[in-house]
Amino acid sequence: MMLPITAYGHPTLRKKGSEIEKNNQELQQLISDMFETMYESHGVGLAAQQINKTLLLFVIDASPFAEEFPETKDFKKVFINAEIIRQEGKEWEFEEGCLSIPGINEFVNRKSIIYINYYDEDWVFHEEEKFEGILARIIQHEYDHTQGILFTDRIPAFKKVLIKRKLNDISSGKTKPAYKMIYPRKKVKK
Ligand code: NI
């Protein structure tokens, strides 16, 4: 089932996810709905906060980047109760976007290597798994969502000023992407 996506300004996007229990009966359906929602809206990742759930859960299919980054070719993964243990390497800049912030793309600096603990969809624990480059970046972006952080929090203040009106248009429902969104009730002040 395709789910609506929370728009910038929605309070759920600012909430940290809680841990998921292994016996959660709705988890597999939720994962499948999240992939469907992500594919239909042409994203490469989607976090629970974006479908209005405060859980430590995100899904990724990085394959749309395969032409530029061959390592993304078969990279389809589920991250449950993920925790980034450490980040290292050089910071590098890349233009990011987000399904919750349609029409805005900005360069974001992130470290190039991460080590992460997580469970996959079969509840196999992955300990301090290492990811680099574009894969690390996509994981960092989605992981941020589970911590209530958006990529616009990671851009310079002057750039945020420049996109303030666009952000207000998104939260007030004036921006209309091709997919369904859930808007915050009140206009948010930045
Ligand atoms: Ni995002």
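Residues numbered from 1 in each chain as written. Predicted model: local features only at pLDDT ≥ 70, side-chain atom pairs only at ≥ 80, totals over all residues. Heavy atoms only, no water.

Draft legend 1. Focus on the overall build of the protein. What the protein contains, in helices and strands, is four helices and seven strands. For the protein, the sequential pattern of α-helices and β-strands runs β-α-β-β-β-β-β-α-α-α-β. By the compact-globule yardstick of 16 Å for 190 residues, the protein fits well, its C-alpha radius of gyration being 16 Å. Judged by the C-alpha coordinates and their principal axes, the protein covers about 45 × 40 × 30 Å. Buried residues in the protein amount to 49% of all 190 residues. In the protein, once contacts between residues fewer than 6 apart in sequence are set aside, the share between residues at least 24 apart is 66%. As displayed, the protein offers around 10,200 Å² of accessible surface, 48% of which is attributable to carbon and sulfur atoms. (Helix = DSSP H or I, 4+ residues; strand = E, 2+ residues; numbered from the N terminus. Rg over C-alpha atoms; globule rule 2.2 N^0.38 Å. Buried < 20%, exposed > 50% of the residue type's maximum accessible area, 1.4 Å probe, protein only. Contact = heavy atoms within 4.5 Å. Areas by Shrake-Rupley, 256 points an atom, 1.4 Å probe, with all protein chains shown as cover.)

Draft legend 2. Highlighting the layout of surface pockets. Of the voids in this model, the largest pocket is the one considered here, and its volume is about 370 Å³. Taken together, 20 residues form the lining of the largest pocket, with Val44, Phe65, Glu96, Gly97 and Cys98 sitting closest to its centre. Here the lining of the largest pocket takes six residues from helix α2 (residues 133-146), the largest share from any one element. Of the residues that constitute the lining of the largest pocket, the class distribution is eight nonpolar, eight polar and four charged. (1 Å grid on protein atoms, 1.4 Å probe; cavity = no way out; pocket = protein on both sides within 12 Å on 5 of 7 lines; lining within 4 Å. Points joined across faces, edges and corners; volume = space filled by probe spheres on them. Nonpolar A, V, L, I, M, F, W, Y, C, P; charged D, E, K, R; others polar.)

Draft legend 3. Summary view of the sheet that holds strand β4 (residues 76-96). Judged by pairing direction, the sheet is antiparallel, and its five strands sit side by side in the order β2-β3-β4-β5-β6 without closing on themselves. In the strand order of this sheet, the two ends are held by β2 (45-47) and β6 (125-132), each with one partner. Mean inter-strand twist for the sheet, computed between neighbouring axes without regard to direction, equals 30 degrees. In this structure, strand β3 (residues 57-61) lies alongside β4, joined through five bridges in antiparallel fashion. Looking across to β4, one finds that isoleucine 60 is bridged to lysine 77. Packed on one face of the sheet, helix α1 (residues 27-40) meets β2, β3 and β4 and runs near 45 degrees to β3. (Pairing = 2+ DSSP bridges. Axes fitted to C-alpha atoms, helices over the stretch in contact; angles between N-to-C directions.)

Draft legend 4. View of the coordination of the nickel ion. Taken together, Cys98 (SG), His141 (NE2) and His145 (NE2) make up the full set of protein donors to the nickel ion, lying 2.1 to 2.3 Å away. All donor residues of the nickel ion come from one chain, and their arrangement in sequence is C-x42-H-x3-H. With a gap of four residues between them, histidine 141 and histidine 145 both fall in helix α2, about one helical turn apart. (Donors = N, O, S within 2.8 Å, 3.2 Å for Na, K, Ca; no water.)

Draft legend 5. Focus on the side chain of threonine 146. Structurally, threonine 146 is set in helix α2. A distance of 2.6 Å separates the side chain of threonine 146 from the backbone oxygen of tyrosine 143, its partner in a polar contact. (Polar contact = N/O pair within 3.5 Å; in protein donor to acceptor, adjacent residues only side chain to side chain.)

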